[in-house]
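# Tertiary structure, described
These are the residues of each chain, in order.
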Amino acid sequence: DFAGITTVDNGLNSISIFPNPATSYANIDMTVVEGGNATINVYDINGKLVYTENLGRTSEGNRVYKLNTQNFRHGMYLVNVNIGSKAATSKLIVR
């Protein structure tokens, strides 16, 4: 994306990823409207799970998670954030 930010809003919870493309890290800014157990999953372009982290119970409000991308190969990834029963997925490019 030209602005370096990718935003996905599923109607309840939303995520923004910046900087995008990322080199050593990416911030995942989560606006949580409906809290719940939060998990971040990162998939490569072939659908292989390359990173996962359970963030535990996440309450309503804004949260920022710093994702270390230094060990990721250059390319495109899909970042999936599950909070409670809702999920949002956005693309991330690592250079």
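Here, every reference points to the structure presented above.
The text that follows walks through the structure, step by step, so that each part is easy to find. (Residues numbered from 1 in each chain as written. Predicted model: local features only at pLDDT ≥ 70, side-chain atom pairs only at ≥ 80, totals over all residues. Heavy atoms only, no water.)

## Structural notes on the sheet that holds strand S4 (residues 36–44)
Hydrogen bonds between backbone groups are what pair the strands of a sheet, and the pairing can be parallel or antiparallel. Overall, antiparallel pairing links the 4 strands, which are arranged S5-S4-S7-S8 in an open sheet. In this open sheet, the two strands that pair with only one neighbour each are strand S5 (49–58) and strand S8 (86–94). Pairwise comparison of adjacent strand axes, ignoring direction, gives a mean angle of 15° for this sheet. In this sheet, strand S7 (residues 75–83) lies alongside S4 in antiparallel orientation, the contact comprising 7 bridges. Note that in S7 the partner of Tyr43 across the bridge is Leu78. (Pairing = 2+ DSSP bridges. Helix = DSSP H or I, 4+ residues; strand = E, 2+ residues; numbered from the N terminus. Axes fitted to C-alpha atoms, helices over the stretch in contact; angles between N-to-C directions.)

## Brief notes about the packing of aromatic side chains
Overall, the coordinates contain 2 aromatic pairs when judged by the stated rule. Measuring from centroid to centroid gives 5.1 Å for Phe72 and Tyr77, while their planes differ by 40°, and the two rings are tilted. Accessibility expressed as a relative area gives 12% for Phe72, which makes it buried. Classification of Tyr77 by relative accessible area gives buried; the value is 6%. Clustering of aromatic rings is evident, with ring pairs tying together Tyr51, Phe72 and Tyr77. The ring of Tyr25 has Lys66 lying over it, and the distance from NZ or CZ to the ring centre is 4.4 Å. (Phe/Tyr/Trp six-rings, centres within 6.5 Å; stacked < 30°, edge-to-face > 60°. Buried < 20%, exposed > 50% of the residue type's maximum accessible area, 1.4 Å probe, protein only. Lys NZ or Arg CZ within 6 Å of the ring centre and 35° of its normal.)

## Remarks on unusual backbone geometry
Residue Phe18 is joined to Pro19 through a cis peptide bond whose omega torsion reads -10°. Note that Pro19 resides in the loop between strand S2 (14–18) and strand S3 (25–32).

## Some remarks on the nonpolar core
Grouped together as the largest cluster of nonpolar side chains are 20 residues, with contacts concentrated most on Ile28, Met30, Val79, Val81 and Leu92. Residue assignment for this core shows that the elements contributing at least two residues are S2, S3, S4, strand S6 (61–68), S7 and S8. Excluding residues that lie within four positions of it along the chain, Val81 makes contacts with Ile15, Ile28, Met30, Thr39, Ile40, Lys86, Ala87 and Ala88. (Core = buried A, V, L, I, M, F, W, Y, C linked by side-chain atoms within 4.5 Å. Contact = heavy atoms within 4.5 Å.)

## Things to note about the pairing of S8
As a general feature of sheets, a regular strand has side chains that alternate between the two faces. By the bridge criterion, 9 bridges tie S7 to S8 in an arrangement that is antiparallel. If you follow Met76 over to S8, its bridge partner there is Ile93. Taking the residues between adjacent antiparallel strands as the criterion, S7 and S8 are bridged by 2 residues, where Gly84 takes a positive phi near 65°.

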